[in-house]
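These are the residues of each chain, in order.
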Amino acid sequence: MAPRPLIIGSRGSLLAVRQSSIIKDELQQQHPNLSLSIKTIQTSGDRILDVPLHQIGGKGIFIKEIEEALLNEEIDIAVHSLKDLPTSLPPGLSIGAVVKRIDARDALISNRFLQLSELPSQSRIGTSSLRRQSQLLSFRPDLEIIQLRGNIDTRLKKLREGQYEAIILACAGLIRLKLDHLIKERIPVDQICSAIGQGALALEVRSDDQLTLDKVKSLNHPSSRIAVEAERSLLQHLGGGCQVPIAGFASIQDSRVKLTGLVGTIDGKLIIREFREGSIEHPRDLGKIVGDQLINKGADKILESLK
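Residues numbered from 1 in each chain as written. Predicted model: local features only at pLDDT ≥ 70, side-chain atom pairs only at ≥ 80, totals over all residues. Heavy atoms only, no water.

A. Geometry of the sheet that holds strand S1 (residues 6–10). Here five strands make up an open sheet; going across it, the order is S2-S1-S3-S10-S4 and the pairing mixed. A strand with exactly one partner marks an edge of an open sheet, and here the two such strands are strand S2 (36–40) and strand S4 (93–99). The sheet shows a mean angle of 30° between the axes of neighbouring strands, direction not considered. In this sheet, strand S10 (residues 201–206) lies alongside strand S3 (residues 77–81) in antiparallel orientation, the contact comprising four bridges. Note on S10: the bridge partner recorded for valine 79 is leucine 203. Sheet strands touched by helix H1 (residues 14–30): S1, S2, S3, S4 and S10. Its angle to S2, the strand with the most contacts, is close to 165°. (Pairing = 2+ DSSP bridges. Helix = DSSP H or I, 4+ residues; strand = E, 2+ residues; numbered from the N terminus. Axes fitted to C-alpha atoms, helices over the stretch in contact; angles between N-to-C directions. Contact = heavy atoms within 4.5 Å.)

B. Representation of helix H5 (residues 152–160) within the structure. Restricting attention to buried positions, one finds in H5 the residues Ile152, Arg155, Leu156 and Leu159. The buried residues of H5 occupy an angular sector of 95° when projected down its axis, which confines them to one face. Those residues of H5 that are buried are in contact with H1, strand S5 (106–110), strand S8 (166–170) and helix H6 (171–176). After H5 finishes, the residue glycine 162 shows a positive phi value of roughly 90°. (Buried < 20%, exposed > 50% of the residue type's maximum accessible area, 1.4 Å probe, protein only. Arc of directions from axis to C-beta.)

C. Quick peek at the pattern of salt bridges. Applying the stated criterion across every chain yields a total of 20 salt bridges. For lysine 217, the salt bridge identified is with aspartate 214, shortest N-O distance 3.9 Å. The class for lysine 217 is exposed, based on a relative accessible area of 53%. The partly exposed category is assigned to aspartate 214, whose relative accessible area is 33%. As a salt-bridge pair, glutamate 274 and lysine 297 come within 2.6 Å of each other at their nearest N and O atoms. (Salt bridge = Lys/Arg side-chain N within 4 Å of Asp/Glu carboxyl O.)

D. Examining the pairing of S8 more closely. Here S8 lies mainly inside the structure; five of its five residues are buried. Neither face of S8 is exposed, since Ala166, Ile168 and Ala170 on one face and Ile167 and Leu169 on the opposite face are all buried. Pairing between strand S6 (residues 124–126) and S8: two bridges, direction parallel. Bridge pairing in S8 links glycine 126 to isoleucine 167.

Structure, rendered in structure tokens:
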């Protein structure tokens, strides 16, 4: 008997559909007899584009309707950019797989300039991320940060129109859309530390749907999952989201997890960093340790002031 057809839920943006198509193709390769389709779902975050993200509920607004469809069994798999997925999932849902992570760095896109250091004073930089804003202003306090929301194609169009001297996007999205030729600088993570989970895709499923769990686990990448578990534990321990400038990046080297965590003020005048490494068997413990060290250095005061 052929397995039951599975429906993949996706936001309607060009990038989201592309990411869902990548997952569909990879699942098809692993399970040739499996019938798969993609259903696009418009989320609140896609509808509300004229308000800064941190003022309308954070990145969870990009997944609420998709998770509801998953719980209502209208779809079977939700494909998320992991950086959009809150650390606490609704009861009945779980991460069935973390797909192999690609470039977690941020990208500088500009019509005229090749590096952040080349931008003239008072250059207009487009981003909707407080994490990026904080670190950009720490590095270049002379820059003017201007809110920029919308899909990647919308943001690129505004850049072409001259509304900004440069914009900052995630390398991973540009790579998946085959637009990485537009990247002028892949900004090192020690200059702008990445968002939690950036570059990774998460496949969210119903916890009791064993058939789907069995299918998606073939795409799980253990090293990527361990790294993002450390990062997500850090974020959860700090109790933050996109409303506050929190960053974290973990990598695995020589069977050890290496995690950098960062908390900053929105104006970039105070940046607190912490680096630790730990066992790959206990990535969540490492996230808590880095979180505690950031708090000991004063991150709790920054976070409290932003609530």
